[in-house]
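# Examination of the molecular architecture
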Amino acid sequence: MSNLKALATLITKPKRLKALLSFNHKGYLENIGWFNAFEQHAAVDKDGQPIPWVTYSFIDFIKTRLNKTQTIFEYGSGSSTLFYAKHVSRVVSVEHDESWYHKIVDSKAQNAEMIFTKLERGGEYSKKASLLDEKFDIIIVDGRDRVNCCKNSISALTPAGVVVLDDSERKEYEEARQFFKAHQFKELSFSGISPGLFYPKATSVFYRSENCLGI
């Protein structure tokens, strides 16, 4: 639907228009900081603090289950790195975009490490978590080459570790979902909208019976 046609539709439905206008200063979208994120083109909450660019339902779930004994590995970096660093003991993030890496590396938290690795499908980038001499409680896949990142993540998990896949509703990531299922992982999916965006998406947690999130 074009913007002009959408506007014409709203004019003929004054109650709907009034409701939409009111959301700018009260209600759910204002409370979660969606307008802040939309205006700043950034993943931030209502106070301007960084949050992950995932579904709000997942953020609500994860923020009460993080603690300072946990470690996180991220495929993809940015606001999420700052958010997770506040809640866990250590965050390691791999980034394939060199210009973005240099832009944000100096603003990282003290308990965060950022690694630049060139992107090659099925190459070092997707294997980075498993190549480090460390096991992680949570591995977050929100960068490129996600299916291979998921496949390589299992060997880098602690016994109670979990993997988080963003945009898990996309058909191109179905292979990763089936991979986890074949390895006895269960899936908990959180659907909804994300900061500054208004289309539905999903963020999934893949976990085993004994897991660090108490699922």
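The structure contained in this document is the topic of the report that follows. Keep in mind that what you see is a predicted model, and the values were worked out from it rather than measured.

This part covers the sheet that holds strand β7 (residues 201-207). Two modes of strand pairing occur in sheets, parallel and antiparallel, and in both the strands are linked by backbone hydrogen bonds. Judged by pairing direction, the sheet is mixed, and its 7 strands sit side by side in the order β3-β2-β1-β4-β5-β7-β6 without closing on themselves. Strands at the two margins of the open sheet, each flanked by one partner only, are β3 (112-116) and β6 (186-192). The average angle at which neighbouring strand axes cross in this sheet is 15°, direction not considered. In this sheet, β7 lies alongside β6 in antiparallel orientation, the contact comprising 7 bridges.

One pass over the full model with this rule turns up 14 aromatic pairs. Judged by centre distance (5.2 Å) and plane angle (10°), the rings of Trp 34 and Phe 38 are stacked. In this pair, Trp 34 and Phe 38 are both assigned in helix α4 (residues 34-40), 4 residues apart and thus about one turn of the helix distant. With centroids separated by 5.9 Å and ring planes inclined at 65°, the aromatic side chains of Phe 58 and Phe 190 adopt a geometry described as edge-to-face. With Phe 58 in helix α5 (residues 56-63) and Phe 190 in strand β6, this residue pair connects regions lying 132 residues apart in the sequence. The buried category is assigned to Phe 58, whose relative accessible area is 1%. In this structure an aromatic cluster arises from ring pairing among Trp 34, Phe 35, Phe 38 and Phe 198.

The backbone phi angle of His 41 is positive, close to 55°, even though this residue is not glycine. Tracing the backbone shows His 41 in the loop between α4 and α5. Judged by its relative accessible area of 67%, His 41 falls in the exposed class. Phi at Asp 145 takes a positive value of approximately 50°, unusual for a residue other than glycine.

A word on the pattern of salt bridges. Across all of its chains, the model carries 13 salt bridges by this definition. For Asp 145, the salt bridge is made with Arg 121, and the minimal N-O distance between the two is 3.9 Å. A residue pair is termed long-range when its members are at least 10 positions apart, and Asp 145 in the loop between β4 (136-141) and α9 (146-153) and Arg 121 in the loop between β3 and α8 (124-131) qualify at 24 residues. A residue is classified by how much of its surface remains accessible, and Asp 145, at 8% relative accessible area, is buried. Several salt bridges share partner residues, and in doing so they unite Asp 142, Arg 146, Asp 166, Asp 167, Arg 170 and Lys 201 into one network.

Rules used in this analysis
- Residues numbered from 1 in each chain as written.
- Predicted model: local features only at pLDDT ≥ 70, side-chain atom pairs only at ≥ 80, totals over all residues.
- Heavy atoms only, no water.
- Pairing = 2+ DSSP bridges.
- Helix = DSSP H or I, 4+ residues; strand = E, 2+ residues; numbered from the N terminus.
- Axes fitted to C-alpha atoms, helices over the stretch in contact; angles between N-to-C directions.
- Phe/Tyr/Trp six-rings, centres within 6.5 Å; stacked < 30°, edge-to-face > 60°.
- Buried < 20%, exposed > 50% of the residue type's maximum accessible area, 1.4 Å probe, protein only.
- Salt bridge = Lys/Arg side-chain N within 4 Å of Asp/Glu carboxyl O.

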